[in-house]
Amino acid sequence: MTAIAKPETMRPDVARAAPRAMTGREKAAIIVRLLLTEGGGLPLKALPDDLQTALTEQMGAMRSVDRATLRAVVEEFVSRLDSVGLSFPGGLERALDLLESHISPTAATRIRSQRASNANADPWERIAAFGTDRLLAVLNEESTEIGAVLLSKLAVAQAAELLGKLPGDRARRLAYGVGKTGHVQPETVRQIGLSLVGQLSAAPARAFGGVPEERVGAILNIAPALTRDEVLAGLSEDDAEFADRVRRAIFTFADIARRIEGRDVPKITRKVDQAQLVTALAAATGGDDAASAEFVLASLSQRMAATLREEMAARGAVKVKDADAAQTAIIAAIRELQEAGELALKTEEEAEA
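Residues numbered from 1 in each chain as written. Predicted model: local features only at pLDDT ≥ 70, side-chain atom pairs only at ≥ 80, totals over all residues. Heavy atoms only, no water.

Colleague: Mind showing me how you'd approach the overall build of the protein here?
Modeller: A tally of regular secondary structure across the protein gives 22 helices and 0 strands. Within the protein, the proportion of its 353 residues that are buried is 32%. In the protein, of all internal contacts separated by at least 6 residues, the share reaching a separation of at least 24 is 76%. Of the accessible surface of the protein, which amounts to about 21500 Å², a share of 54% is contributed by carbon and sulfur atoms. (Helix = DSSP H or I, 4+ residues; strand = E, 2+ residues; numbered from the N terminus. Buried < 20%, exposed > 50% of the residue type's maximum accessible area, 1.4 Å probe, protein only. Contact = heavy atoms within 4.5 Å. Areas by Shrake-Rupley, 256 points an atom, 1.4 Å probe, with all protein chains shown as cover.)

Below, the structure written as structure tokens:
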């Protein structure tokens, strides 16, 4: 936000003039107008629609403000900014948006249900906050009349986005229905809103995060190679499409050369016991495993790589069980770094490019 400077350079005779008394809305309009004049970027879209409307109407009703009043409003605004130590989101819905990733799905669902049952709350404000996918499901499943009321109560941009994602015939029927909503009584509209917000809030919380193939892939990542191959073979027989998605979600030792950046290799090796690292590299004697082993060595310092090669030669033959355990430890370290945001895997498309 553009800094607001106190108008210290105003003429003394004007600065001494008594400022006009202004309402809170008038003061807000003055500050917004001043910031826009100075070229400041204002996130006004983040405000509730009713506040955006009130601000626009207030600015439309005002004409000019004398310098003494401008000075008083700016000084009051700056003083309030200076006195603020911490701000909160304002409202239960915004608080829930802030905390949702930090509280359990069960708690979030309970809060939404309690809010939905509050007779004094505006249901349409709550409905507008639901994601596009949830609202699309309502528009596809509910009657044309209900869907038309829903679209009429949403902001124009949001309604247009939803309409554009509906099948053509359904979109046409709803658009026609919107034109028939003028006679609907306000209390009926409110009851429809309460019913919809209750329906949307009652959606069961997801017990698991992520999509199923990612969860299966994460399990198979650290399973022994023989078990992984057997499970994938069984999945291919039962559901070939799902099995293919699982294969894409799996990350194995052989994928290191394709999907890891060389600069990230030292981070990985620091998280793995050196004995396990030596075992995993020594076990990679052919194919993609060998390519990944060479990639790891090439991404380390020459001194470190030489030390590892000496230990690999001394290690000799590696049992399958020991090789699986060592390579699993490396994969676990990679996943840990990825979840911590310290490492990003290349996508399959990037790896194949």
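Colleague: Can you help me understand the side chain of T269 in this one?
Modeller: Position of T269 relative to the elements: it lies in helix α17 (residues 265-270). Among the polar contacts made by the side chain of T269, one reaches the main-chain carbonyl oxygen of P266 at a distance of 3.1 Å. (Polar contact = N/O pair within 3.5 Å; in protein donor to acceptor, adjacent residues only side chain to side chain.)

Colleague: What is the right way to look at the pattern of salt bridges in this model?
Modeller: Where charged atoms of side chains with opposite charge meet at close range, the side chains can pair. This structure, assessed with the given rule, holds 14 salt bridges. Residues D169 and R172 are paired through a salt bridge, measuring 3.9 Å at the closest nitrogen-oxygen approach. In this pair, D169 and R172 both sit in helix α11 (residues 168-178), 3 residues apart, roughly one turn of the helix. Given the relative accessible area of 43%, D169 is considered partly exposed. Residue K271 is joined to E336 by a salt bridge in which the shortest nitrogen-to-oxygen separation is 3.2 Å. Here K271, found in the loop between α17 and α18 (274-283), pairs with E336, found in helix α21 (residues 320-339); they are 65 residues apart in sequence, far enough to count as distant. Given the relative accessible area of 39%, K271 is considered partly exposed. For E336, a relative accessible area of 46% gives the class partly exposed. (Salt bridge = Lys/Arg side-chain N within 4 Å of Asp/Glu carboxyl O.)

Colleague: I keep staring at the packing of helix α8 (residues 132-141) against helix α9 (residues 144-153) and nothing clicks. Help me out?
Modeller: For any two helices packed against each other, the geometry comes down to the angle between their axes and how far apart the axes lie. Taken N-terminus to C-terminus, the directions of α8 and α9 make an angle of 145 degrees; their axes are 7 Å apart at the nearest point. Residue-level inspection shows L135, V138 and L139 of α8 in contact with α9, the latter providing G147, L150 and L151. (Axes fitted to C-alpha atoms, helices over the stretch in contact; angles between N-to-C directions.)

Colleague: I'm lost on the nonpolar core in this one. Help?
Modeller: Inside soluble globular proteins, nonpolar side chains tend to come together where they are buried. Grouped together as the largest cluster of nonpolar side chains are 29 residues, with contacts concentrated most on I256, I260, I268, L281, I330 and I334. Those elements that place two or more of their residues in this core are α17, α18, α19 (287-298), α20 (302-315) and α21. Excluding residues that lie within four positions of it along the chain, I330 makes contacts with F253, I256, I268, V272, L277 and A280. Judged by nonpolar contacts, the second largest core, of 21 residues, contains I127, L174, V189 and V197. (Core = buried A, V, L, I, M, F, W, Y, C linked by side-chain atoms within 4.5 Å.)

Colleague: It is not clear to me how empty space enclosed by the protein should be interpreted in this structure. Could you clarify?
Modeller: The gaps of empty space that remain are located by a probe, the size of a water molecule, rolled over the atoms. The tally for this structure, following the rule as stated, stands at 2 cavities of 30 Å³ or more. As for the largest cavity, its lining consists of I256, V265, I268, T269, V272, L277, V296, I330 and I334. When contributions to the lining of the largest cavity are tallied by element, the ones reaching two or more residues are α17 and α21. Residue contributions to the lining of the largest cavity peak at 3 residues, all from α17. Taken together, the residues of the lining of the largest cavity break down into 8 nonpolar, 1 polar and no charged. (1 Å grid on protein atoms, 1.4 Å probe; cavity = no way out; pocket = protein on both sides within 12 Å on 5 of 7 lines; lining within 4 Å. Points joined across faces, edges and corners; volume = space filled by probe spheres on them. Nonpolar A, V, L, I, M, F, W, Y, C, P; charged D, E, K, R; others polar.)

Colleague: I tried to follow helix α14 (residues 225-238) on my own but got confused; where do I start?
Modeller: An α-helical turn contains 3.6 residues, so any two residues separated by three or four positions project in the same direction. Taking 1.5 Å per residue, 14 residues should reach 20 Å; α14 reaches 20 Å between its end C-alpha atoms and fits that length. Every buried residue of α14 is listed here: R228, L232 and L235. Summarising the axial view, the buried residues of α14 lie within an arc of 60 degrees, below the 170-degree limit, and thus occupy one face. More than 90 degrees from the buried face of α14, the exposed residues found are L226, E230, E237 and D238. Here the buried face of α14 lies against α13 (212-221) and α15 (240-249). (Expected span 1.5 Å × (residues − 1). Arc of directions from axis to C-beta.)

Colleague: How do you make sense of α19 when you look at a structure like this?
Modeller: When the terminal C-alpha atoms of α19 are compared, their 17 Å separation across 12 residues agrees well with the 16 Å that a helix rising 1.5 Å per residue should span. Three or more residues of α19 are buried, namely A290, S292, A293, F295, V296 and L297. Structurally, α19 contributes buried residues whose contacts are with α16 (256-259), α17, α18 and α20.

Colleague: Would you take a moment to explain the environment of A128 for this structure?
Modeller: Structurally, A128 is set in helix α7 (residues 123-128). What makes A128 partly exposed here is its relative accessible area of 31%. The spatial distance from the C-alpha of A128 to the C-alpha of K153 is 8.5 Å, given a sequence separation of 25 residues. Beyond its immediate sequence surroundings of up to four residues, A128 is in contact with L154 and Q158.

Fair warning: the whole summary comes from geometry, so function is off the table for now.
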